[in-house]
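So the chains spell out like this:
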Amino acid sequence: MQHIESALQKNCVTWFRLQYPKIGRLLFAVPNGGARNAREAAIMKAEGVTAGVADVILLYPAMKYNCLCIEFKTGKNSQQPSQKEWQALVEVHGGKYIICRSFDQFREEIQNYLIDL
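Since the model is a prediction, treat every value here as computed from it, not as a measurement. (Residues numbered from 1 in each chain as written. Predicted model: local features only at pLDDT ≥ 70, side-chain atom pairs only at ≥ 80, totals over all residues. Heavy atoms only, no water.)

Student: Where do I start with the pattern of salt bridges in this structure?
Tutor: Think of it this way: side chains of opposite charge can pair up when their charged atoms draw near. The final tally for this structure, using the stated rule, is three salt bridges. In this structure, the salt-bridge partner of E71 is K73, at a minimum N-O distance of 3.6 Å. K73 sits in the buried class, given a relative accessible area of 7%. (Salt bridge = Lys/Arg side-chain N within 4 Å of Asp/Glu carboxyl O. Buried < 20%, exposed > 50% of the residue type's maximum accessible area, 1.4 Å probe, protein only.)

Student: So what exactly am I meant to see when it comes to the side chain of K73 here?
Tutor: Residue placement: K73 occurs in the loop between β3 (68-72) and α3 (81-92). There is a polar contact of 3.4 Å between the side chain of K73 and the backbone oxygen of S78. The contacts of K73, once residues within four sequence positions are left out, are E5, S78, Q79, Q83, I99, C100 and R101. (Helix = DSSP H or I, 4+ residues; strand = E, 2+ residues; numbered from the N terminus. Polar contact = N/O pair within 3.5 Å; in protein donor to acceptor, adjacent residues only side chain to side chain. Contact = heavy atoms within 4.5 Å.)

Student: Can you walk me through the packing of helix α1 (residues 3-19) against helix α4 (residues 103-113) in this structure?
Tutor: Helix-helix packing is described using two parameters, namely the angle between the two axes and the distance between the axes. Put simply, α1 and α4 touch, their axes get as near as 10 Å, and they point 35° apart. The hand of the α1/α4 crossing is right-handed. Residue-level inspection shows L8, N11, C12, W15 and F16 of α1 in contact with α4, the latter providing F103, F106, R107, I110 and Q111. Grouping the amino acids of the contact of α1 with α4 by side-chain chemistry returns seven nonpolar, two polar and one charged. (Axes fitted to C-alpha atoms, helices over the stretch in contact; angles between N-to-C directions. Left-handed = near helix turned anticlockwise from the far one by under 90°. Nonpolar A, V, L, I, M, F, W, Y, C, P; charged D, E, K, R; others polar.)

Printed below as a string of structure tokens:
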């Protein structure tokens, strides 16, 4: 993840946990990226790390969805094929998947998703 995407993600998670303290910990990051040596990468893959999984997952059912998966992208960055495949899998099984490119978009998506809270 690029540094600008990382900063966006940190700001969004911080805001979420302040706004929704009762469910704040149900929003968590999936540490799929980053440089690792071959041994560590093999261990993590065996533990279940899966290519394409969204950056952040909210394990809270709302509206007609069982969870919300959020991928952060900035600028002209686009999804990798593995991310598109994972998005399709999430959506076919009742989850909502969004791509957020700004804090304002994240806030609006969260407020719409959690409209009843």
